[in-house]
Amino acid sequence: METALGSLDAADCDRMDPDGRLVEGAGGVDAGTMSTLAVVPCVLSDADWLTPDQQIRLVAVAAVVNGIVRLLADDPGTAILHGLVARMCATLNRATRPDDQRRDPHARPVFPGQQTVGSMR
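Predicted model only: the values in this text are computed from it and were never measured. (Residues numbered from 1 in each chain as written. Predicted model: local features only at pLDDT ≥ 70, side-chain atom pairs only at ≥ 80, totals over all residues. Heavy atoms only, no water.)

### Brief notes about the nonpolar core
Reasoning step 1: In this structure, L37, V65, I68 and L92 are the most contacted members of the largest nonpolar core, which totals 20 residues.
Reasoning step 2: Per-element accounting of this core gives the leading share, seven residues, to helix α3 (residues 52–74).
Reasoning step 3: Once you skip the residues sitting within four places of it in the chain, L37 turns out to touch M1, A4, A62, V65 and N66. (Core = buried A, V, L, I, M, F, W, Y, C linked by side-chain atoms within 4.5 Å. Buried < 20%, exposed > 50% of the residue type's maximum accessible area, 1.4 Å probe, protein only. Helix = DSSP H or I, 4+ residues; strand = E, 2+ residues; numbered from the N terminus. Contact = heavy atoms within 4.5 Å.)

Set out below in structure tokens:
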């Protein structure tokens, strides 16, 4: 995923060659890296050291990275001008936060043994 994001190149987009044939862009990412991204969902079931939440977040990250590459390859101008890449990066940011930062940032911490409003009777 890091390799794919580090290789992004909006200039490597779909285009016509001099003979008028469509040349499919790759968004700057090589076929091997895209192939690796594609198998992430298939191999995560073997990663039993990851929690189910971590596994689904990895699938989400792989899908978003794949989507960013395709957006830049298919239509980089629209993807950038309309903020599609920025919104997808915000999704990446949210999906990659550590578990303890995914909660409500305004919530007060609850310590062991401390009563919360919902637990008071």
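### Structural notes on helix α2 (residues 31–43)
Two residues of an α-helix separated by three or four positions point the same way, owing to the 3.6 residues in each turn.
Reasoning step 1: In this model, α2 (13 residues) spans 18 Å end to end at C-alpha, consistent with the 18 Å of a helix rising 1.5 Å per residue.
Reasoning step 2: Turning to α2, the residues buried within the fold contact α1 (2–7) and α3.
Reasoning step 3: Its side-chain oxygen 3.0 Å from the backbone nitrogen of G32, D30 forms the N-cap of α2. (Expected span 1.5 Å × (residues − 1). Polar contact = N/O pair within 3.5 Å; in protein donor to acceptor, adjacent residues only side chain to side chain.)

### Observations regarding the side chain of T33
Reasoning step 1: With respect to the helices and strands, the residue T33 is situated in helix α2.
Reasoning step 2: On the basis of relative accessibility, which here comes to 12%, the residue T33 falls in the buried class.
Reasoning step 3: When sequence neighbours within four positions are dropped, the list of residues in contact with T33 reads T3 and A4.

### A short note on the packing of α3 against helix α5 (residues 84–95)
Reasoning step 1: Contact pair α3 / α5: the axes reach a minimum separation of 10 Å and the direction vectors enclose 165 degrees. It follows from the interaxial angle that α3 and α5 lie roughly antiparallel. As α3 packs across α5, the resulting crossing turns out to be left-handed. Taken together, the residues of α5 that come into contact with α3 (itself represented by R57, V61, V64, V65, G67, I68, L71 and L72) are L84, V85, M88, C89, T91, L92 and A95. (Axes fitted to C-alpha atoms, helices over the stretch in contact; angles between N-to-C directions. Parallel < 35°, antiparallel > 145°, perpendicular 65-115°, else oblique. Left-handed = near helix turned anticlockwise from the far one by under 90°.)

### Describing the pattern of salt bridges
A pair can form between side chains of opposite charge whenever their charged atoms are brought close.
Reasoning step 1: For the coordinates displayed, the defined rule picks out six salt bridges.
Reasoning step 2: Between D12 and R15 there is a salt bridge, with its nearest N and O atoms 3.7 Å apart.
Reasoning step 3: A residue is classified by how much of its surface remains accessible, and R15, at 39% relative accessible area, is partly exposed.
Reasoning step 4: Across the pair R70 and D74 runs a salt bridge whose closest N-O atoms are separated by 2.8 Å. You can see R70 and its partner D74 sitting in helix α3, four residues apart, about one turn around the helix.
Reasoning step 5: By relative accessible area, D74 is classed as partly exposed at 44%.
Reasoning step 6: Each of D17, D19 and R21 takes part in salt bridges that share partners, so that together they form one network. (Salt bridge = Lys/Arg side-chain N within 4 Å of Asp/Glu carboxyl O.)

### Things to note about the packing of α2 against α3
Reasoning step 1: Interhelical geometry of α2 versus α3 gives an angle of 145 degrees and a closest axis separation of 9 Å. In this structure, α2 meets α3 at a crossing whose hand is left-handed. For the pair α2 and α3, the contacting residues are M34, L37, V40 and P41 in the first and L58, V59, A62, V65, N66 and V69 in the second.
Reasoning step 2: The residue inventory of the contact of α2 with α3, partitioned by class, reads nine nonpolar, one polar and no charged. (Nonpolar A, V, L, I, M, F, W, Y, C, P; charged D, E, K, R; others polar.)

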